Amino acid sequence: MSFDITKVREDFPILKEQVHGNPLVYLDSAATSLKPLSVINALNDHYSKETANVHRGIHFLSAQGTQKYESTRTAMAKFINAKECEVIFTKGTTDSINLVAFSFGEKYIQSGDVILLSTMEHHSNIVPWQIMAERKGAKVVEVPITDLGEIDIEAYKKLLNDLPVKIVSINHISNTLGTINPIKELIKLAHDHDAYFCVDAAQSGSHAKIDVRDLNCDFLALSGHKMFGPTGTGILYGKEELLEAIPPYQGGGAMIKEVTFEKTTFNDLPEKFEAGTPHIAGFIALKNAIDYISELGLENIAAHEDKLLQYATQQIKEIDGIKIIGEAQNKASVLSFHVDGAHPHDIGMILDEQGVAIRTGHHCTQPLMKRFNITASARASFGVYNNLEDVDKFINALRKAKELL
Ligand code: 7TS
């Protein structure tokens, strides 16, 4: 279908809102995406007309809720090219990675093993592994990155060669640098060295095609709220045989077959990993988010966002005293920068007064900040609903902030 930005913007009611008397310019999509009306309506419909728990009632609303909830699993499986039993519903990428670190770690990580992570990981792809490593006497080792913000492939190969690596966990797209990592190549290299691979795809859902069969990853984590879905929804993909082999992450209702005080047997996949009442409305509405992405077309979304990134990068380079953090060849629509002599928080506040929402801080990537000798950066991240006018407003606000500081 042809891509009409004016029509796309109409799908997001929040864009009609004002912030400090100015129209909202939302440039924080890497933190969470805005939600289209279809997703908001699905949430509203569930609570106003269809409330029920899933997988446990034979009454009409429960059966209907279960059918809708499961149809999101079917859609998600198709979206990432997985089997339905390989799609586990979680709270988000953080929850998904914790599941892998603790369940996979419990079964497979042993004393002396190495867990490889890159310098550009989000804290949620570092800390769970550190906790597990500590418990098992394993070691977390860092894969370095280049000054442009790309994985140092030669160093990665050497680490795989030299160390007893059990699992590698690296992001597909960096939330701070925007780097799109050559994830398929990284996975192949890990497998060549008998290491497993977990992909942190938190930033990928609404920006890049994910095909888990083609990637051949062992695990992949996604956040629903960064792909137009509700907060509190996430996905863990795992290869069926691996999910079968690892122990449950949490115990409770829905994840069991039979409970006695002597012995409990666990449910089949995916329920084995879905203890308790999930975010039912959220997962039902996530189907609308997947449908929305499919209707727009991921290629159209990526092309539009790339146009915004190129334009913003060109504009920001014309301002003196600004350093872009992250200049990889292959980049998603994230623009991190540092302004000489100004703290990113002050920049963020002055932009906010003009209705421009950017993120400032370490972006939960402190090791990466250290790599670039900074403690914080300012970050504009673009979504499909942004237009060139948003970029102009951002650049004008930034020029004004520079004059004031
Ligand atoms: N991994 C990456 C690469 C991320 O960007 C994020 C969130 C996470 C993991 C955690 O995802 P969650 O859905 O469980 O929170 N990134 C950001 C960000 O850049 N600003 O706010 C959250």
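Sequence order sets the numbering: in each chain, residues are counted from 1 along the sequence as written. In keeping with the model being predicted, local features are shown solely for residues with a pLDDT of at least 70 and side-chain atom pairs are shown and tallied solely at 80 or more, while totals for entire chains, interfaces and linings include all residues. The side-chain figures draw on all heavy atoms in the structure; neither hydrogens nor water molecules are used.

**Structural notes on the overall build of the protein**
Put simply, DSSP marks the helices as runs of H or I at least four residues long and the strands as runs of E at least two long, and each gets a number from the N terminus on. Across its full length, the protein holds 14 helices and 17 strands. At 22 Å, the protein has a C-alpha radius of gyration in line with the 22 Å of a compact globule built from 405 residues. Buried positions account for 55% of the 405 residues belonging to the protein. Contacts are assigned to residue pairs with any non-hydrogen atoms lying within 4.5 Å of each other. At a minimum sequence separation of 6, the contacts of the protein that also span at least 24 residues come to 71%. When the accessible surface of the protein is totalled, it reaches about 17,300 Å², and 51% of it is carbon and sulfur. A residue counts as positive if it is Lys or Arg and as negative if it is Asp or Glu; His and the chain ends are not included. Here the site of a charge means atom NZ of a Lys, CZ of an Arg, CG of an Asp or CD of a Glu. Across the protein, the mean location of the 40 positive side-chain charges is 2 Å away from that of the 52 negative side-chain charges. It is over C-alpha atoms that the radius of gyration is taken, and the globule rule equals 2.2 Å times the number of residues to the power 0.38. The cut-offs for exposure are 20% and 50% of the maximum accessible area for each residue type, with area from a 1.4 Å probe on protein chains only; residues under the lower value are buried, those over the upper are exposed, and the others partly exposed. To be clear on the numbers: accessible area is Shrake-Rupley with a 1.4 Å probe, and residue cover counts the displayed protein chains and nothing else.

**Points about helix α14 (residues 388-404)**
Taking 1.5 Å of rise per residue, the 17 residues of α14 would be expected to cover 24 Å, and the 25 Å separating its terminal C-alpha atoms lies within 8% of that figure. The complete set of buried residues in α14 reads D390, V391, F394, I395, A397, L398 and A401. The arc that holds the buried residues of α14, viewed along the axis, is 165 degrees, so those residues lie on one side. Along α14, exposed side chains directed more than 90 degrees from the buried face belong to N396, E403 and L404. One less than the residue count of a helix, multiplied by 1.5 Å, gives the span that helix is expected to have. Throughout, the arc means the angular range of directions from the helix axis out to the C-beta atoms.

**Examining the domain arrangement of the protein**
Accessible area lost during the coming together of the parts is what is often quoted as the interface size. Examined at the domain level, the protein breaks down into domain 1 (5-31 + 297-404) and domain 2 (42-294). Taken together, the contacts link 35 residues of domain 1 with 33 residues of domain 2. When two components associate, each loses some accessible surface as probed by a 1.4 Å sphere; the sum of these losses over both components is called the buried area. Among the residues domain 1 hides against domain 2, the three largest losses belong to L298, L368 and R371. Together they make up 22% of the total. Taking the shortest distance from any N to any O, the salt bridge between D147 and R371 comes out at 2.8 Å. Source of the domain bounds: an automatic or database domain assignment. Within this document, salt bridges are pairs made up of a side-chain nitrogen of Lys or Arg and a carboxyl oxygen of Asp or Glu, the two lying within 4 Å of each other.

**Section: the sheet that holds strand β13 (residues 322-325)**
Overall, antiparallel pairing links the four strands, which are arranged β13-β14-β17-β16 in an open sheet. Among the strands making up the open sheet, the edge pair consists of β13 and β16 (359-361). Strand-to-strand twist of the sheet, defined as the mean angle between neighbouring strand axes without regard to direction, takes the value 30 degrees. Sheet topology places β13 next to strand β14 (residues 334-339); four bridges connect them, and they run antiparallel. Note on β14: the bridge partner recorded for I324 is F337. We treat two strands as partners when DSSP finds at least two bridges between them. All axes here are fitted lines through C-alpha atoms, helices being fitted over the stretch that makes contact, and every angle between N-to-C directions spans 0 to 180 degrees.

**Looking at the sheet that holds strand β4 (residues 87-90)**
The seven strands are arranged β4-β10-β9-β8-β7-β5-β6 in an open sheet whose pairing can be described as mixed. Either end of the sheet is taken by a strand with one partner, and the two such strands are β4 and β6 (139-143). For this sheet the average axis-to-axis angle between neighbouring strands, irrespective of direction, equals 20 degrees. As paired strands, strand β5 (residues 114-118) and strand β7 (residues 165-171) are joined by four bridges and run parallel to one another. Bridge pairing links I115 to I167 in β7. Against the sheet, helix α4 (residues 93-108) engages β4, β7, β8 (196-200), β9 (219-223) and β10 (234-238), with an angle of about 160 degrees to β9. Docked against the sheet, helix α6 (residues 153-162) engages β5, β6, β7 and β8, running at close to 160 degrees with respect to β7.

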